[in-house]
Amino acid sequence: MTSSPDFSTQPDTPMRAPSSVPVDDAVLPFDVAPLDLRGRLTRLGPALDELLSKHDYPTPVAKLLGEAIVLTTLLGSALKFDGRFILQTQTDGPVSLMIVDFRAPDRMRAYARFDAERLKDGLSSAELLGKGHLAMTVDQGPDMSRYQGMVALDGGTLEDAAHEYFLRSEQIPTKVRLAVGEEWRGGEGGPTHGWRGGGMLLQFLPKASDRAQRDLHAGDVPEGANVDVVPEDDAWVEGQSLISTVEDVELIDPDLSGERLLFRLFHERGVRVFAPTPLQAKCSCSREAVSGMLKGFDPQDRADMVENGKVVVTCEFCSSVYEFTPEEAGVE
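Residues numbered from 1 in each chain as written. Predicted model: local features only at pLDDT ≥ 70, side-chain atom pairs only at ≥ 80, totals over all residues. Heavy atoms only, no water.

(A) Region of the structure containing the pattern of salt bridges. Applying the stated criterion across every chain, the model contains 18 salt bridges. Across the salt bridge formed by R84 and D101, the nearest N and O atoms sit 2.8 Å from each other. Taken as a pair, R84 in strand 3 (residues 84-91) and D101 in strand 4 (residues 95-103) lie far apart in primary sequence, 17 residues in all. For D101, a relative accessible area of 2% puts it in the buried group. Two residues, K131 and D154, come together in a salt bridge whose shortest N-O distance is 3.6 Å. Highlighted residues: K131 in strand 6 (residues 131-139) and D154 in strand 7 (residues 147-154), separated in sequence by 23 residues. Bridged by salt links that share partners, the residues R84, D101, R103 and R109 form one connected network. (Salt bridge = Lys/Arg side-chain N within 4 Å of Asp/Glu carboxyl O. Helix = DSSP H or I, 4+ residues; strand = E, 2+ residues; numbered from the N terminus. Buried < 20%, exposed > 50% of the residue type's maximum accessible area, 1.4 Å probe, protein only.)

(B) Looking closely at helix 4 (residues 158-170). The end-to-end C-alpha separation of helix 4 is 17 Å, in line with the 18 Å expected for 13 residues at 1.5 Å each. Considered for burial, the residues of helix 4 that qualify are L158, E159, A161, A162, Y165, F166 and E170. Looking straight down helix 4, one finds that the buried residues subtend no more than 160° of arc, so they occupy a single side. Here helix 4 starts with a cap whose side-chain oxygen sits 3.4 Å from the backbone nitrogen of E159, and that cap is T157. The positive-phi residue at the C-terminal boundary of helix 4 is Q171, with phi of around 55°. (Expected span 1.5 Å × (residues − 1). Arc of directions from axis to C-beta. Polar contact = N/O pair within 3.5 Å; in protein donor to acceptor, adjacent residues only side chain to side chain.)

(C) Spotlight on the confidence of the model for the chain. Looking at the chain as a whole, its pLDDT mean stands at 89, while 89% of the residues score no less than 70. Per-element averaging of pLDDT across the chain places helix 9 (residues 299-304) at the bottom with 90 and strand 2 (residues 37-44) at the top with 98. Here residues 1-11 scores under 50 on pLDDT; set against residues more than four positions off or in separate chains, the count is 35 contacts. (pLDDT = per-residue confidence, 0-100. Contact = heavy atoms within 4.5 Å.)

(D) Main features of the side chain of T73. As for its placement among the helices and strands, T73 is situated in helix 2 (residues 59-76). Relative accessible area serves as the criterion here: at 0%, T73 is assigned to the buried category. Once residues within four sequence positions are removed from consideration, T73 is found in contact with V27, T42, L44, M108 and L279.

(E) Highlighting the nonpolar core. Judged by nonpolar contacts, the single largest core of 56 residues is most densely connected at L65, I69, M98 and L158. Here this core takes ten residues from helix 2, the largest share from any one element. Dropping the residues within four chain positions of it, I69 is found in contact with L44, L48, L51, L52, V100, M108 and A110. Core analysis: the second largest hydrophobic core is formed by 21 residues, F30, L35, V246 and L262 among them. (Core = buried A, V, L, I, M, F, W, Y, C linked by side-chain atoms within 4.5 Å.)

Right under this line is the structure:
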C-alpha cells in the first residue's frame, strides 16, 4: 500500500537548476539513483490551514493532527488507483482519536477527538497520543477487498510509528520526517495566522536483491539464540544521515522551494524530481450522503434525533451543517 510511485523517466532526462519557486499543497516525488533511494516531499500551506481551522482545536491538538495529515499525504499519494487511504489512531492519551481520510489522487479531510481537561502545557506529541494503536487502511473500492496494517503506539511519536510499520509490515528500509508549525505574517490589517506543514519520506529500494532489507533486525527469536548481525548498506547509512540533517524549519519554510531543499540534501549524489501531485482540503460529505446515512438508522433512532421540529447533522470533518424535516429524515 505504501510502495513508491512509478518513477518512469527517459534515460536522457534533462538536467536543470532547482526551481526557486515554492509550491504549497503538493507532494513532490524524487529519487537519488546512485544511492538507490526514492522518496516524497510534502509541503502544505493553505490546505492544511483550512483543515485545522474548521475546528477550534487547541494548539497542541492542531499540531499533532497536522503531523498526522502530513504523514497521510506521504503515504496516500503513493496509491496508483482512485481509492482511499485512511490513517486512524485510537489511544488512551489526551488526543484519543485522529482520522485522516485521503482520497486519491488529491483530496483530504481530517478530524481529532480530545479531552480538554487532560491537556497541559508542554506535552509532547508522544504524551498527547499515549498508548494504543495506529491503523492504516487502503480501500480500493466497493468491488475490491480492503487492506489494513496496524502498529502499536507505545509512548512514541507518529514518526516512530511509521518507522515501526515499515520495519514490521512492509519490510522496506524507510525514514520519515514530519514538521508542523504556525506562521504569523504582518499586513495592513494586522498579523495573520496560518498553519504550515512539511514532511519527507525516504526509502532504500536497491535493484540488486542481495542488498535489499539490510537494516532489518531478526524479529522475535528464542532467548539466548545467536543472531547474525548484518551491517547496514552504506548507501542506506548515507541516506539516513542526510535526511536526519533536515530541520523542521526547512520542511515548513514558505520561502524555501521543495526542489531547493532536495538539492541542498542530495546534490552531491544527484537528485531527480518528478511531477508534483497537487493536494486540496475537500470533504466528501453532501446532503445526499447524509440523507442516505439517516435512512440506514433504526426508525426509533431517527425519531430520537428530532429537536425543535427538525433533524440537524453536523459533519465531524468539515463542520458543515445539514438540516432535514422529520419527513425528509424518514421519521415515521
